[in-house]
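# Residue-level structural notes
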Amino acid sequence: MVKFTKQFEGQLVPEWKDAFVDYWQLKKDIKKLNCDSTAPSSKPKHKSSLSNTFFSAIHKLSLFGNQCRTHEVIHVHSKLQSTNSKGVLYQTELLEKFADTEAASEFFALLDLQLNKVNEFYRRKEKEFLDRGECLEKQLHILIELKNAIKDQHQNKANSSHHDSKDEDSISGSISCDEESSRGIIEHDLQEEEKIAEELDSNGVECEDSPRSEEDGKVTRSIQEEEQSLSGYIINSQGKKLKIRIPLTNPTRTFSYLLWEDSLNQSSRKHNAHGKKLHVNKTKVHHAEKMIRGALIELYKGLGYLQTYRNLNMLAFAKILKKFDKVTNKQVLPIYLKVVESSYFNSSNEIMKLADEVEDIFVKQFAEDDRRKAMKYLKPTQRKESHAVTFFIGLFTGCFIALFVGYVIMARTTGTYTPQTNTIYMETVYPLLSMFSLLFLHFFLYGCNIFMWRKTRINYSFIFELSPTRELKYRDIFLICTMSMAVVVGVLFVHLSLMDKGYSYSQVELIPGLLLLVFMVLLVCPINILYKSSRFRLLSVLRNIILSPLYKVVMLDFFMADQLCSQVPMLRNLEYVSCYYITGSYKTQDYGYCVQTKNYRDLAYAVSFLPYYWRAMQCARRWLDEGDTGHLINLGKYVSAMLAAGVKLAYEKEKSVGWLCMVVIMSSIATVYQLYWDFVKDWGLLQMNSKNPWLRNELILRRKFIYFFSMGLNLVLRLAWLQTVLHYKFGSIDYRLTGLFLAALEVIRRGQWNFYRLENEHLNNAGKFRAVKTVPLPFHEVDEEG
């Protein structure tokens, strides 16, 4: 049987952990209680137990409440929290002496504190969700009238003999769409908005706020007038006007939307000059409907979390009181539990009413009166993990190991990886193997990160804003890695075997290029196979990184950009292999063409700079959006890394003492900068005033030495650039293998950084008690002159 402590910890809402009953501390306080050394025998104890049970049963009846008052061991007083608050504070008075009265007093003081804390948090969250529900109801009312207006206008146009095709995309109305809203004041995450409209088995709701953003903008201002009338195609609100703010969900829409907005503003000025009304694009109304639907889904999810909060806390109070009675041989549970049951967090039923209303609204407005269809949105089922995935992981792992051993033996017998043996192979085929090795090593470490995040209950899905029905599990990632590397090593094993059998290089030179082409085609394949949604999400994130200065940066975007900063060697290998096959150099086996030409050398500089440039631009954009100067300091870190990478490239070209000194200076500055940011900012460590010496106050891992070990390992791996200066040779191993080893060390460093980075993000976000995404609402009231 699972202990309640583990059950409680496993079911609580991670972001609200601090708001739950501190069950662990209450257990520690119970251990301080000393049982009376002169405990009665088992028989009287049994009689006493029956007597207490009898009186506690009578006490539940209000008729006998005064009669059993003499048998109470405690009395719980309640008083109003303040004159401006409806909250009630509870305080327990001990009516009987305990074996250790001081410890008992401390226990009940903490118990009262926990009950008051739970009530206060529940009251605050309930009010937040009720306000959100009221605002959504008004937004939905506006949406329904707009849709009816569009429908009526289309019917009128159908009866008309002449109409302009451009006017079919808009309706007349007093809803203004100003430039401020078109600039993306409120934005969604990239593709999830489209996904939720396309498939039923996904709740894919994303919000414009990344998990690190403050909770200040969580609720938009509610519209003052609930009842609104529709006069023709005009929505009036007692002389007030409304405007629609639609998120710019991707860069492509940003450009097209800005162009459309300019034409709309010009058209509006012309119409206003003649006393006519503005136009509302019906595409905006469609997106407004998506936003309201997404907000309803997130509201329903939050209501479910609050009900879980209520049930778990109620059970925790019952369990801890039962433990107290067992230790002290008192009958406290029926007395205090009655107070808990009558407290606000357990007696209020507003949340359940609101949940039922949200269900009814969603079924009627967004599911065509089909409750089963609505539940696929509101309560999406988790994708079941198949045993077949585990089987194929083992199968492909065995295939990969066997093929890799065969490849190594064949490479050893042919002397492929010894210097000056097979220059063409090392210059053309090996970069491809190196590229895939670094890529899937990184992917494999990401799977390990997911495993650890799940084990330590770090809510990575919420932080990355992933759809629960589409996100990759760690088994899926391990399957992709093992399968891909088995294919890569298998193809290269066949390629090396053919060369060993006497085939000329010109006869088998296309095999590595075809392998790369197959992977590229699979990445962009539109057919719904091989994790299509995840592949397209990866492409969309890469697109966002490239165009990062143009719109708001969310957590997943800059997290992926950081991964690219550790994959510069992989990107350079990809650049070289692509150049080798695209320029046709493979026909003449001129592997030096892509190295010696000026355009390639310039491109090599660009590839080395781009990941750091993208990340720096993301920092600049976040500074513009959030106004936090810390982002400018972070920008400086990537600029220093960019300079260090440029100096290193120049040294590889010139090989002079001057450039070597510049490499040492710039790399040292960049390393110190990066180490400071790793330890202090990203990990939140090295805090001298913390309750955990040199660590932050809140930690996920129980063994603290792991953090110090990780810091030391991070320091060592950050110094891998010293190989550029020392040029240490590992026997007769080709220098390219040494470069692969150093690049792999950087990937490993990034893998461990990922865990601590999300741990810090999880702890900071939990401090704000944000458990559901904040979805913006489309309709906003403006002044008459606005």
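What this report covers is the structure whose coordinates are included nearby. (Residues numbered from 1 in each chain as written. Predicted model: local features only at pLDDT ≥ 70, side-chain atom pairs only at ≥ 80, totals over all residues. Heavy atoms only, no water.)

## Focus: the environment of Phe-755
Position of Phe-755 relative to the elements: it lies in helix H30 (residues 735-766). For the pair Phe-755 and Tyr-460, spaced 295 residues apart in sequence, the C-alpha separation works out to 9.9 Å. Sequence-distant contacts of Phe-755, that is, excluding residues within four places in its chain, are made with Asn-449, Met-452, Trp-453, Thr-456, Ile-458 and Leu-701. (Helix = DSSP H or I, 4+ residues; strand = E, 2+ residues; numbered from the N terminus. Contact = heavy atoms within 4.5 Å.)

## Quick notes on helix H13 (residues 387-414)
Taking 1.5 Å per residue as the helical rise, H13 with its 28 residues ought to reach 40 Å, and the 41 Å between its terminal C-alpha atoms agrees with that figure. Listed in full, the buried residues belonging to H13 are Val-389, Ile-393, Tyr-407, Met-410 and Ala-411. Downstream of H13 by one or two residues, Gly-415 has phi in the positive range, about 65°. (Expected span 1.5 Å × (residues − 1). Buried < 20%, exposed > 50% of the residue type's maximum accessible area, 1.4 Å probe, protein only.)

## Description of the side chain of Glu-471
Structurally, Glu-471 can be placed in the loop between helix H16 (460-464) and helix H17 (474-500). Using a relative accessible area of 7% as the deciding quantity, one classes Glu-471 as buried. Within the structure, Glu-471 has its side chain in polar contact with the side chain of Tyr-460 (distance 2.9 Å). Only 2.8 Å separates the side chain of Glu-471 from the side chain of Ser-461, close enough to count as a polar contact. In contact with Glu-471, other than residues within four places in its own chain, are Arg-383, Tyr-460, Ser-461 and Leu-466. (Polar contact = N/O pair within 3.5 Å; in protein donor to acceptor, adjacent residues only side chain to side chain.)

## Brief notes about the environment of Leu-742
The residue Leu-742 is located in helix H30 in this model. Classification of Leu-742 by relative accessible area gives partly exposed; the value is 21%. Taking the C-alpha atoms as reference points, Leu-742 and Trp-721, separated by 21 residues in sequence, lie 8.1 Å from one another. Those residues in contact with Leu-742 that lie beyond four places of it in its chain are Ala-720 and Gln-723.

## So, the nonpolar core
Counting residues in hydrophobic clusters, the biggest one holds 81 residues, and the most contacted among them are Tyr-407, Tyr-417, Tyr-425, Phe-436, Trp-453, Phe-464 and Leu-758. Residues within four places of Phe-436 in sequence aside, it is in contact with Met-485, Val-488, Leu-515, Leu-516 and Phe-519. Of all hydrophobic cores here, the second largest spans 78 residues; its members include Phe-108, Val-332, Leu-337 and Phe-345. (Core = buried A, V, L, I, M, F, W, Y, C linked by side-chain atoms within 4.5 Å.)

## A few points about the packing of helix H2 (residues 23-32) against helix H8 (residues 282-328)
Relative orientation of the contacting elements H2 and H8 amounts to 5°, with a least axis distance of 10 Å. By the angle between their axes, H2 is roughly parallel relative to H8. Seen from H2, the contacting residues are Tyr-23, Leu-26, Lys-27 and Ile-30; seen from H8, they are Ala-316, Lys-319, Ile-320, Lys-323, Phe-324 and Val-327. Of the residues in the contact of H2 with H8, the class split is seven nonpolar, no polar and three charged. (Axes fitted to C-alpha atoms, helices over the stretch in contact; angles between N-to-C directions. Parallel < 35°, antiparallel > 145°, perpendicular 65-115°, else oblique. Nonpolar A, V, L, I, M, F, W, Y, C, P; charged D, E, K, R; others polar.)

## Description of the pattern of salt bridges
When the charged atoms of two side chains with opposite charge come close together, those side chains can pair. Tallying each qualifying case throughout the model produces 21 salt bridges. For Lys-32, the salt bridge goes to Asp-29, with nearest N and O atoms at 3.7 Å. Residue Lys-32 and its partner Asp-29 are both found in helix H2; the two are separated by three residues, about one turn of the helix. Put simply, Asp-678, Arg-718, Glu-746 and Arg-749 are held in one network by salt bridges that share partners. (Salt bridge = Lys/Arg side-chain N within 4 Å of Asp/Glu carboxyl O.)

## Quick look at unusual backbone geometry
The backbone of Glu-368 sits at a positive phi, close to 55°, despite the residue not being glycine. Locating Glu-368 in the fold gives a position in the loop between helix H11 (350-366) and helix H12 (371-378). Here Arg-457, not a glycine, exhibits a phi torsion of approximately 60°, which is positive.

## Describing a positive patch on the surface
On the surface, Lys-3, Lys-6, Lys-17, Lys-28, Lys-31, Lys-319, Lys-322, Lys-323, Lys-326 and Arg-702 cluster together into a positively charged patch. At the level of secondary structure, the elements contributing two or more residues to the positive patch comprise H2 and H8. Inspection of the secondary structure assignment puts Lys-6 in helix H1 (residues 4-11). On the basis of relative accessible area, Lys-6 is assigned to the exposed category, the value being 62%. (Patch = residues over 30% accessible without salt bridge, like charges linked within 9 Å, V, L, I, M, F, W, Y side chains within 5 Å. Areas by Shrake-Rupley, 256 points an atom, 1.4 Å probe, with all protein chains shown as cover. Lys, Arg positive; Asp, Glu negative; His and termini not counted. Charge placed at Lys NZ, Arg CZ, Asp CG, Glu CD.)

## Looking at the state of the cysteines
According to the stated counting rule, one finds one disulfide in the structure shown. Residue pairing for Cys-579: its cysteine sulfur links by disulfide to Cys-594, the two sulfurs lying 2.0 Å apart. Across the disulfide from Cys-579 to Cys-594, rotation about the S-S bond amounts to roughly -90°, and the bridge is consequently left-handed. Here the residue Cys-579 occupies a position in helix H22 (residues 568-582), and Cys-594 occupies one in helix H24 (residues 593-596), the gap between them amounting to 15 residues. Taking the relative accessible area as the measure of exposure, Cys-579 reaches 17% and is therefore buried. A disulfide-free cysteine, Cys-619 has its sulfur positioned 9.3 Å from the sulfur of Cys-565, the nearest such atom. (Disulfide = S-S within 2.5 Å.)

## Describing the packing of aromatic side chains
In this structure the tally under the stated criterion is 41 aromatic pairs. Both rings, one in Tyr-576 and one in Tyr-600, keep their centres 6.4 Å apart while their planes meet at 75°; by these two values the pair is edge-to-face. Taken together, the residues span a long stretch of sequence, with Tyr-576 in helix H22 and Tyr-600 in helix H25 (residues 598-626) at a distance of 24 residues. Each member of the pair Tyr-576 and Tyr-600 is classed as buried. When the centroid spacing of 4.8 Å and the interplanar angle of 45° are considered together, the rings of Trp-683 and Tyr-756 count as tilted. Residue Trp-683 is found in the loop between helix H27 (657-682) and helix H28 (705-718), and its partner Tyr-756 is found in helix H30; the two are separated by 73 residues along the sequence. Comparing Trp-683 with Tyr-756 shows no difference in burial state: the two are buried. (Phe/Tyr/Trp six-rings, centres within 6.5 Å; stacked < 30°, edge-to-face > 60°.)

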